[in-house]
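A closer look at the structure
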Amino acid sequence: MFVCVQMICLTVHNFFFLPSDEVKSLRAVVNPDISKIRNIGIMAHIDAGKTTTTERMLYFSGYTRALGGEVTFRKILRERAIGMLTAGMSTRAVELNVNFSTISHVDFTLEVERALRVLDGAVAVFDASAGVEVWQKLFVVKIINHNINKLFIKLISLKNKGVQPLLDAITAYLPAPNERNHDLVRWYKDDLCALAFKVVHDKQRGPLVFVRIYSGSMKAQSAVYNINRNGTERMSRLLLPFADQHIEIPSLSAGNIALTVGLKQTVTGDTIVSSKASSAAAVRRAQKEAESKSSSQRESSSLALAGVEVPEPVFFCSIEPPTLAKQADLEHALNCLQREDPSLKVRTDLDSGQTILCGMGELHIEIIHDRIKREFNIETHLGPLQVAYRETILQSATATDTLDRTLGDKRHVVTVELDVHALMESSTSCDMTFEEEVKTQLSAGVREAVENGVQSAYLQGPVLGFPVEGVKTVIQHVSLESGTSAAMVSACVSRCMLKALKLAGGQVLEPVMALEVTVGEEYLSPVLADLAQRRGTVCDIQSRQENKVLLATVPLAEMMGYSTVLRTLTSGNATFSLELSSYEPMNTQDQNILLNKMAGLA
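Everything numeric in this text was worked out from a predicted model, so none of it was measured.

Re the pattern of salt bridges
A complete count under the given rule lists 19 salt bridges for this structure. Residue Arg186 pairs with Glu289 through a salt bridge whose shortest N-O separation is 3.2 Å. Of this pair, Arg186 sits in the loop between α6 (163-173) and β7 (193-202) while Glu289 sits in helix α7 (residues 276-292); the two residues are 103 residues apart in sequence, bridging distant segments of the chain. You can call Arg186 partly exposed: its relative accessible area is 44%. A residue is classified by how much of its surface remains accessible, and Glu289, at 24% relative accessible area, is partly exposed. Notably, a salt bridge pairs Glu248 with Arg237, separated by 2.9 Å at the nearest N-O pair. Separated by 11 residues along the polypeptide, Glu248 in strand β13 (residues 245-248) and Arg237 in strand β12 (residues 237-242) bring together distant segments of the chain. Here Glu248 falls in the partly exposed class, since its relative accessible area comes to 43%. A cluster of three or more residues bridged by salt bridges with shared partners is formed by Glu510, Arg535, Glu558 and Asp590.

Quick look at the packing of aromatic side chains
Under the criterion given, the structure shown has 4 aromatic pairs. Measuring from centroid to centroid gives 6.2 Å for Phe197 and Phe210, while their planes differ by 50°, and the two rings are tilted. Placement of Phe197 in strand β7 and of Phe210 in strand β8 (residues 206-215) is noted, with a sequence separation of 13 residues between them. On the numbers, 5.6 Å between centres and 70° between planes, the contact of Tyr389 with Phe466 is edge-to-face. Of this pair, Tyr389 sits in the loop between β21 (386-387) and β22 (390-393) while Phe466 sits in the loop between α11 (444-458) and β26 (471-480), and the two are 77 residues apart along the sequence. Since its relative accessible area comes to 6%, Phe466 is described here as buried. Pairwise contacts between aromatic rings join Phe316, Tyr389 and Phe466 into one cluster. The ring of Trp187 has Arg186 sitting right over it, with the charged end atom 4.0 Å from the ring centre. Over the face of the ring belonging to Phe316 we find Arg347, whose NZ or CZ atom lies 5.5 Å from the ring centre.

Details of the sheet that holds strand β23 (residues 397-407)
To summarise the sheet geometry, strands pair through backbone hydrogen bonds and adopt either a parallel or an antiparallel arrangement. Ordered in space as β23-β24-β26-β25, the 4 strands form an open sheet in which the pairing is mixed. This sheet does not close on itself; its edge strands, each paired only once, are β23 and β25 (431-434). Sheet twist, expressed as the mean angle between neighbouring strand axes with direction ignored, is 25°. Strand direction decides the pairing type here: strand β24 (residues 410-422) and β26, joined by 9 bridges, are antiparallel. Its bridge partner lying in β26, Val414 is registered against Leu480.

What about the environment of Val387?
Relative to the elements of secondary structure, Val387 occurs in strand β21. C-alpha of Val387 to C-alpha of Phe316: the two residues are 71 residues apart in sequence and 6.3 Å apart in space. Filtering out sequence-adjacent residues up to four positions away, Val387 remains in contact with Val314, Phe315, Phe316, Phe466, Pro511, Leu556, Ala557 and Met560.

Regarding helix α15 (residues 588-598)
Buried within α15 are the following residues: Asp590, Gln591 and Leu594. The arc that holds every buried residue of α15, seen down its axis, measures 100°, which confines them to one face. Exposed residues lying more than 90 degrees from the buried face of α15 are Thr588 and Gln589. Here the buried face of α15 lies against β27 (506-520). Put simply, Asn587 is the residue that caps the front of α15, since its side-chain oxygen is 3.2 Å from the backbone nitrogen of Gln589. Count one or two residues on from α15 and you reach Gly600, which has phi positive near 80°.

Thoughts on unusual backbone geometry
Of note in the backbone geometry, Asn230 takes a positive phi value of approximately 55° without being a glycine. Along the chain, the position of Asn230 falls in the loop between β10 (222-226) and β11 (231-235). Positive phi, close to 55°, is recorded for Ser571, a residue that is not glycine. Within the secondary structure layout, Ser571 lies in the loop between α14 (562-569) and β30 (574-585). By relative accessible area, which is 54% here, Ser571 ends up exposed.

Some remarks on the packing of helix α8 (residues 327-340) against helix α9 (residues 362-376)
Relative orientation of the contacting elements α8 and α9 amounts to 120°, with a least axis distance of 11 Å. The orientation of α8 with respect to α9, classified from their angle, is oblique. Judged by the sense of rotation from one axis to the other, the crossing of α8 with α9 is right-handed. Here Leu330, His332, Ala333, Leu334, Cys336, Leu337 and Glu340 of α8 lie close against α9, whose contacting residues are Ile368, Arg371, Ile372 and Phe376.

Rules used throughout
Residues numbered from 1 in each chain as written. Predicted model: local features only at pLDDT ≥ 70, side-chain atom pairs only at ≥ 80, totals over all residues. Heavy atoms only, no water. Salt bridge = Lys/Arg side-chain N within 4 Å of Asp/Glu carboxyl O. Helix = DSSP H or I, 4+ residues; strand = E, 2+ residues; numbered from the N terminus. Buried < 20%, exposed > 50% of the residue type's maximum accessible area, 1.4 Å probe, protein only. Phe/Tyr/Trp six-rings, centres within 6.5 Å; stacked < 30°, edge-to-face > 60°. Lys NZ or Arg CZ within 6 Å of the ring centre and 35° of its normal. Pairing = 2+ DSSP bridges. Axes fitted to C-alpha atoms, helices over the stretch in contact; angles between N-to-C directions. Contact = heavy atoms within 4.5 Å. Arc of directions from axis to C-beta. Polar contact = N/O pair within 3.5 Å; in protein donor to acceptor, adjacent residues only side chain to side chain. Parallel < 35°, antiparallel > 145°, perpendicular 65-115°, else oblique. Left-handed = near helix turned anticlockwise from the far one by under 90°.

Here it is in structure tokens:
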């Protein structure tokens, strides 16, 4: 699914349809009837015409007065260009809400994923001159999997043909919010149920949270309950975004997209409801129906909307402030950026104490670096970019460890015995269990401490300290003296785990990417030669019009700076896309080279 996600540039819109004789006014269309709203996306391959199409939609709607202003229009869409644009049509007045435009790059797939969550319809723009491409078929499947109505219509935006019928077709064929069925939402009836799908930080207002309201209404100066965080927050203000201006409103009903001020803990993917009581009532309704239908549906303590699936970062590097005095400011900036971007991870290296940035790619980390400078006025230094490897084990092993430590006047003694086993090669997760006799002997608090110790050990493998996957741990024995703290139990388990993992033989797993290069036939040979030097494996070579499409797999570590090299090899006449395919074991020779490099010996 990577090709379609990488190449999507998605702009969410709210269409509000009013009588043609009504005077256009921002405040007059703040809260239209739900049947007159269209939450849609315009999606396309890079350079297939989505910007041109949207620009023409604005022009023929009456918002813009001239064509050809793509640079200005892109400026409107980029980064913080979140809001509404007033527009009118010859037969009706239209309110067009451009909520955001994602960057067409694999590093920003999360932007696309969270946008898809709040759409009811989609307009797909295809470049007919390129023929039918594999990514287009995948793209349609992606839309269908998200249960989004799609609209196809023949148009040539650059020639101003088909845009007006497209606007009419959106009105006629794409659904209004009340025409979509959301099984989970119905349990809330008229109570508030909304999804937080984007967070941005404003220097004056603080964190601004974008929410899609699915049921009930949202009111300013009211408390809301966050199911995911299990906490209540007070929303101070409710805003409706109109391009570069925000209109403050007292309330907003279902079907709309709102901007909230004052939510301090809410992040992307959280479900917001009116109260904890309304959440509990929704659960009771769902369980009551399940019982009446003799359903085997598992009981749930909450009914939360589907959030976003955040991919694991594949690159990381250290980041340092210019002076120690700026460390607190840098931490604040990173906290803000993490809340905006769940695919950005920040951690502290336990050995060096350095702050580590983990991201989806070179461009992702470069943009984060640039934003820290521009938005927070902090000059930072980035360490060398490194690949985020994984680790696993080759065989089973058993280890025993005893921790005996006196802190103050308290003696802490705990003994642990455990086994580790390698799971199936396809497994990307880790597991742990207790022997039944051990489980019954331990209190809930001790069991939790043991589990924490195991999970902590999974974060740092025995070879290079990268996260572990494909391992199962079985706790065989745990004994401790009275007064031994939970922290000491966890520490002993983690130490015992590291011993067992080393005995089992550590194996480094490297991220392997699916690579697609579209290139003219005259440049194919040098591209293939370069790929061979990067430990790449060619899967297929296809023809597409006058070009060749090279499909291959290649280790991510070998793809540093590939865009520059490819541009040089092909005189700029090639494009490529990358998708994380899998984590694969490194052969002994490559692993030894990596170990020497990490140790500074190569």
